[in-house]
Amino acid sequence: MANPAAKRALITGITGQDGSYLAELLLDKGYEVHGIVRRTSSENTERIDHVRDRISLVQADLMDQSSVIDAVADIRPHEVYNLAAQSFVPTSWKQPILTGEVTALGVTRVLEAIRIVDRSIRMYQASSSEMFGKVVTTPQDEQTPHYPRSPYGVAKCYGHHITVNYRESYGIPAVSGILFNHESPRRGLEFVTRKISDGVARIKLGLQQELRLGNLDAKRDWGYAPDYVHAMWLMLQRDEPCDYVISSGRAHTVREFCEIAFDRAGLDWQRHVVVDPLYLRHADVNQLLGDPAKAMRELGWEPRVTFEELVRLMVDADLARLRRLAGA
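Residues numbered from 1 in each chain as written. Predicted model: local features only at pLDDT ≥ 70, side-chain atom pairs only at ≥ 80, totals over all residues. Heavy atoms only, no water.

A.B. asks: Explain the overall build of the protein chain to me, please; I cannot follow it from the model alone.
C.D. replies: The secondary structure content of the protein chain amounts to 10 helices and 13 strands. Scaling as 2.2 N^0.38, a compact globule of 328 residues should have a C-alpha radius of gyration of about 20 Å, and the protein chain matches this with 20 Å. Referenced to the eigenvectors of the C-alpha coordinate spread, the extents of the protein chain come out at roughly 60 × 50 × 40 Å. Per-residue burial for the protein chain yields a buried fraction of 54% across its 328 residues. By sequence separation, contacts in the protein chain at least 24 residues apart represent 78% of the contacts at least 6 residues apart. Placing the 40 positive and 43 negative side-chain charges of the protein chain at their respective mean positions leaves the two points 2 Å apart. (Helix = DSSP H or I, 4+ residues; strand = E, 2+ residues; numbered from the N terminus. Rg over C-alpha atoms; globule rule 2.2 N^0.38 Å. Buried < 20%, exposed > 50% of the residue type's maximum accessible area, 1.4 Å probe, protein only. Contact = heavy atoms within 4.5 Å. Lys, Arg positive; Asp, Glu negative; His and termini not counted. Charge placed at Lys NZ, Arg CZ, Asp CG, Glu CD.)

A.B. asks: Would you mind showing me how to read the side chain of Lys 294 here?
C.D. replies: In this fold, Lys 294 is placed in helix α9 (residues 293-299). Buried within the structure, Lys 294 lacks any salt-bridge partner; Glu 298 is the closest side chain of opposite charge, at an N-O distance of 4.8 Å. (Salt bridge = Lys/Arg side-chain N within 4 Å of Asp/Glu carboxyl O.)

A.B. asks: Mind showing me how you'd approach the pairing of strand β5 (residues 122-128) here?
C.D. replies: Taken residue by residue, a regular strand's side chains alternate between the two faces of the sheet. Of all 7 residues in β5, 6 are buried, a share of seventy percent or more. Both strand β4 (residues 79-82) and β5 contribute to a ladder of 4 bridges, which runs parallel. Bridged to Asn 82 within β5 is Gln 125. Two strands pair when backbone bridges link them, and β5 and strand β6 (residues 174-179) are joined in this way by 6 bridges, in the parallel orientation. Looking across to β6, one finds that Ser 127 is bridged to Ile 178. (Pairing = 2+ DSSP bridges.)

A.B. asks: I tried to follow the sheet that holds strand β1 (residues 8-12) on my own but got confused; where do I start?
C.D. replies: Consider a sheet: its strands pair through backbone hydrogen bonds, and that pairing is either parallel or antiparallel. Taking strand neighbours across the sheet as the criterion, the 7 strands line up as β3-β2-β1-β4-β5-β6-β11 in an open arrangement whose pairing is parallel. For this open sheet the edge positions go to β3 (56-59) and β11 (244-246), each flanked by a neighbour on one side alone. Averaged over neighbouring strand pairs, the angle between their axes works out to 25 degrees when direction is ignored. Contacts between helix α1 (residues 17-28) and the sheet are confined to β1, β2 (32-37) and β4, with β1 contributing the most and set at about 175 degrees to the helix. (Axes fitted to C-alpha atoms, helices over the stretch in contact; angles between N-to-C directions.)

A.B. asks: Would you take a moment to explain the packing of helix α8 (residues 254-264) against helix α10 (residues 307-327) for this structure?
C.D. replies: Helix-helix packing is characterised by the crossing angle of the two axes and by the distance between the axes. Contact pair α8 / α10: the axes reach a minimum separation of 9 Å and the direction vectors enclose 50 degrees. Looking at the two axes, α8 sits oblique to α10. Viewed along their axes, α8 and α10 form a crossing whose handedness is right-handed. Together, Glu 256, Phe 257, Ile 260, Ala 261 and Arg 264 of α8 and Phe 307, Glu 308, Val 311, Arg 312, Met 314, Val 315 and Asp 316 of α10 make up the contact between the two elements. Partitioning the contact of α8 with α10 into residue classes produces 7 nonpolar, no polar and 5 charged. (Parallel < 35°, antiparallel > 145°, perpendicular 65-115°, else oblique. Left-handed = near helix turned anticlockwise from the far one by under 90°. Nonpolar A, V, L, I, M, F, W, Y, C, P; charged D, E, K, R; others polar.)

A.B. asks: I keep staring at unusual backbone geometry and nothing clicks. Help me out?
C.D. replies: With the exception of glycine, most residues fall at negative phi, and the peptide bonds are largely trans. In the segment running from Thr 138 into Pro 139, the intervening peptide bond is cis, with an omega of 0 degrees. Position of Pro 139 relative to the elements: it lies in the loop between β5 and α5 (151-170). For Arg 76, which is not a glycine, the phi torsion comes out positive at approximately 50 degrees.

A.B. asks: How should the nonpolar core be read in this particular structure?
C.D. replies: Taken as a class, soluble globular proteins show a tendency for nonpolar side chains to be buried jointly. Within the largest apolar cluster, 37 residues are counted, with the highest numbers of intra-cluster contacts made by Ile 11, Ile 14, Leu 26, Val 33, Tyr 81, Tyr 124 and Ile 246. Of all the elements, helix α7 (residues 225-236) adds the most residues to this core, at 9 residues. Non-local contacts of Tyr 81, meaning those with residues more than four positions away in its chain, are made with Ala 9, Leu 10, Ile 11, Thr 12, Leu 22, Leu 26, Tyr 124, Met 232, Trp 233, Leu 236 and Gln 237. (Core = buried A, V, L, I, M, F, W, Y, C linked by side-chain atoms within 4.5 Å.)

A.B. asks: Can you walk me through the packing of α1 against α7 in this structure?
C.D. replies: Orientation of α1 relative to α7, taken along the N-to-C sense of each, is 65 degrees, at an axis distance of 9 Å. As α1 runs across α7, the sense of the crossing is right-handed. Taken together, the residues of α7 that come into contact with α1 (itself represented by Gln 17, Asp 18, Tyr 21, Leu 22, Leu 25 and Leu 26) are Ala 225, Pro 226, Val 229, His 230, Met 232 and Trp 233. Class assignment of the residues belonging to the contact of α1 with α7 gives a composition of 9 nonpolar, 2 polar and 1 charged.

A.B. asks: Is there a simple way to think about α1 in this case?
C.D. replies: Each full turn of the α-helix corresponds to 3.6 residues, which orients residues three or four apart in the same direction. Taking 1.5 Å per residue as the helical rise, α1 with its 12 residues ought to reach 16 Å, and the 17 Å between its terminal C-alpha atoms agrees with that figure. The buried fraction of α1 is high, at 10 of 12 residues. Within α1 the residues assigned to the buried category are Gln 17, Asp 18, Gly 19, Ser 20, Tyr 21, Leu 22, Ala 23, Leu 25, Leu 26 and Leu 27. Residues of α1 that are buried make contact with β1, β2, β4, β7 (182-183) and α7. Two residues or fewer after α1 comes Gly 30, characterised by a positive phi angle close to 90 degrees. (Expected span 1.5 Å × (residues − 1).)

A.B. asks: How should the packing of aromatic side chains be read in this particular structure?
C.D. replies: The relative placement of two aromatic rings is captured by the distance of their centres and the angle of their planes. All chains considered together, the criterion is met by 8 aromatic pairs. Pairing Tyr 81 with Tyr 124 gives two aromatic rings, centres 6.2 Å apart and planes at 40 degrees, and the pair type is tilted. Of this pair, Tyr 81 sits in strand β4 while Tyr 124 sits in strand β5, and the two are 43 residues apart along the sequence. For Tyr 81, a relative accessible area of 0% corresponds to the buried category. Arranged with centres 5.8 Å apart and planes meeting at 15 degrees, the rings of Trp 222 and Phe 307 form a pair that is stacked. Taken together, the residues Trp 222 in the loop between β9 (219-220) and β10 (223-224) and Phe 307 in helix α10 connect sequence positions 85 residues apart. Residue Trp 222 shares its accessibility class with Phe 307, and that shared class is buried. Grouped by ring-pair contacts, the aromatic residues Trp 222, Phe 257 and Phe 307 constitute a single cluster. In this arrangement the basic side chain of Arg 186 is found over the ring face of Tyr 21, its NZ or CZ atom lying 4.0 Å from the centre. (Phe/Tyr/Trp six-rings, centres within 6.5 Å; stacked < 30°, edge-to-face > 60°. Lys NZ or Arg CZ within 6 Å of the ring centre and 35° of its normal.)

Structure below.
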């Protein structure tokens, strides 16, 4: 039974990595949690199955304005977290129009629903370090100019700036979290970090012999997803809505990720990693490094899991998962 005194939260993208961790966090804080899912022939709710009986799912689609309005009107949330997106950069080159519809215009549809239903609803928009793209200055903070290098980055820029516009034009307490790369064992297998941890586990267990990757020199600022969703919540608890960079403040190469991951499994990465031109981007982003000083100062936030700990826990999780599957 719903608790009328509990805060209500609506999460788009609840079945994704961030959405699942955010749902856990909000449940722990006593929230009534609702999530938007698209109607598909087979729902992929694996990441939230363990809390499925504690949350409510509603069907809507960020490409369909009326369904988003209906969801917001029916639930009347105190907080909306817009995490839904076509979020894989290489796919944005293959499906740029879909990426724009969901990742860019989808944000406007959520903001429009709030404008129409109740402008006091607090909204979190998932912005991205990919907005910085071909970086103008290093490290990147809230004032760094945007120079996106992919349709995904361009779409995220639109979502970010339309959120600022609705905040300033309609008084909606909406914020954007400019999150740098954040990973976990729940990361999709198409992302390079999870591709590495899964590949290491498969090589260790004799299921494959090599791991094919793209640019090993690309540098990213990597953190742990549960740390970053905590920052999302902290942003919406402030009286004055504003935007924050969330990052570890440290950059590492894909090569470093490989070295630590293979070492965790007692393997030599150079014997198994193959650089494949197939995985090189059209216009790569060579280095992203965030400056989280504002978030640390104003939110009291800081990352708790180090890069090295993150890599090792991902490898451990994939080894455990594949061993379970082998024993099933």
